[in-house]
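Commentary on secondary and tertiary structure
Residue strings, one per chain:
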Amino acid sequence: PSLEDGRIVWKDSPLVRAVMEGRSLVIDEADKAPLDVVCVLKSLVEDGELLLADGRRILRDGCGEGIIPIHPDFTVWVLANRPGWPFHGNDFFKEVGDCFSSHVIPNPDRASEVDLLRKYAPTVETSTLQKIAASFSELREMSDRGDISYPYSTREAVSVVKHL
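Residues numbered from 1 in each chain as written. Predicted model: local features only at pLDDT ≥ 70, side-chain atom pairs only at ≥ 80, totals over all residues. Heavy atoms only, no water.

1. Some points on the pattern of salt bridges
Under the criterion given, the structure shown has 13 salt bridges. Salt-bridge contacts for Lys-42 lead to Asp-98; the nearest nitrogen and oxygen are separated by 3.9 Å. Here Asp-98 lies in the loop between α3 (92-96) and α4 (110-120) and Lys-42 lies in helix α2 (residues 35-47), a separation of 56 residues in the sequence. Taken together, the shared-partner salt bridges connect Asp-28, Glu-29, Asp-31, Lys-32 and Arg-155 into one network. (Salt bridge = Lys/Arg side-chain N within 4 Å of Asp/Glu carboxyl O. Helix = DSSP H or I, 4+ residues; strand = E, 2+ residues; numbered from the N terminus.)

Encoded structure:
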């Protein structure tokens with residue numbers, strides 16, 4: 001809810017709009033969500049049901065007053081880190097992994113990472129972007145070998161180039 005002109009107004013969230021309009025809902029960093037939120041998501045995905053705070057109900061197969069039917073084109077894309085250190089999130093896959101088709105997405109190859117970094121820092125010299133990509137590649141290799149514990153991702157490389 002939000003307060004407008006001294007009145008409480010309910011506006012549909014991105015989740016509710018995606019359900020109604022048959023859009024894709026992307027949930028990033030789901031492993032950071034509290035477990036009660038994860039359980040609500042599981043109810044929606046597994047059972048096709050979700051009770052909203054305003055009294056309406058989302059249902060896979062339903063109609064009537066206060067019922068929001070799930071559009072047949074509605075999809076959910078959930079992005080989550082692997083469980084454990086250094087991510088410190090919930091074990092998302094343990095809680096709801098059986099409801100989703102899981103895929104591990106590796107870091108991009110070096111040329112693709114440089115291309116991506118160029119999109120965030122178009123004025124930075126290519127040689128600098130190549131050095132940054134090479135550094136992050138080396139850090140990842142060190143993590144894979146167990147020399148360092150943090151598995152640096154492209155997200156951190158993007159953060160670096162955005163400040164150049």
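2. Focus: the nonpolar core
A general tendency of soluble globular proteins is for nonpolar side chains to be buried together. Ranked by internal contacts, the top residues of the largest apolar core, which has 19 residues, are Ile-58, Phe-74, Phe-92 and Phe-100. For this core, the secondary structure elements donating two or more residues are α1 (14-21), α2 and α3. The next biggest cluster of nonpolar side chains, apart from the first, holds eleven residues, and it includes Ala-121, Ala-133, Phe-136 and Val-161. (Core = buried A, V, L, I, M, F, W, Y, C linked by side-chain atoms within 4.5 Å. Buried < 20%, exposed > 50% of the residue type's maximum accessible area, 1.4 Å probe, protein only.)

3. Focus: the environment of Cys-39
Here Cys-39 shows up in helix α2. Taking relative accessible area as the criterion, Cys-39 reaches 46% and is therefore assigned partly exposed.

4. Let's talk about the packing of helix α5 (residues 126-145) against helix α6 (residues 154-162)
At a closest axis distance of 10 Å, the pairing of α5 and α6 adopts a crossing angle of 145°. Classified by chirality, the crossing of α6 by α5 is right-handed. On the side of α5, the interface is formed by Leu-129, Ile-132, Phe-136 and Arg-140, while α6 contributes Thr-154, Glu-156, Ala-157, Val-160 and Val-161. Among the residues making up the contact of α5 with α6, the classes are represented as six nonpolar, one polar and two charged. (Axes fitted to C-alpha atoms, helices over the stretch in contact; angles between N-to-C directions. Left-handed = near helix turned anticlockwise from the far one by under 90°. Contact = heavy atoms within 4.5 Å. Nonpolar A, V, L, I, M, F, W, Y, C, P; charged D, E, K, R; others polar.)

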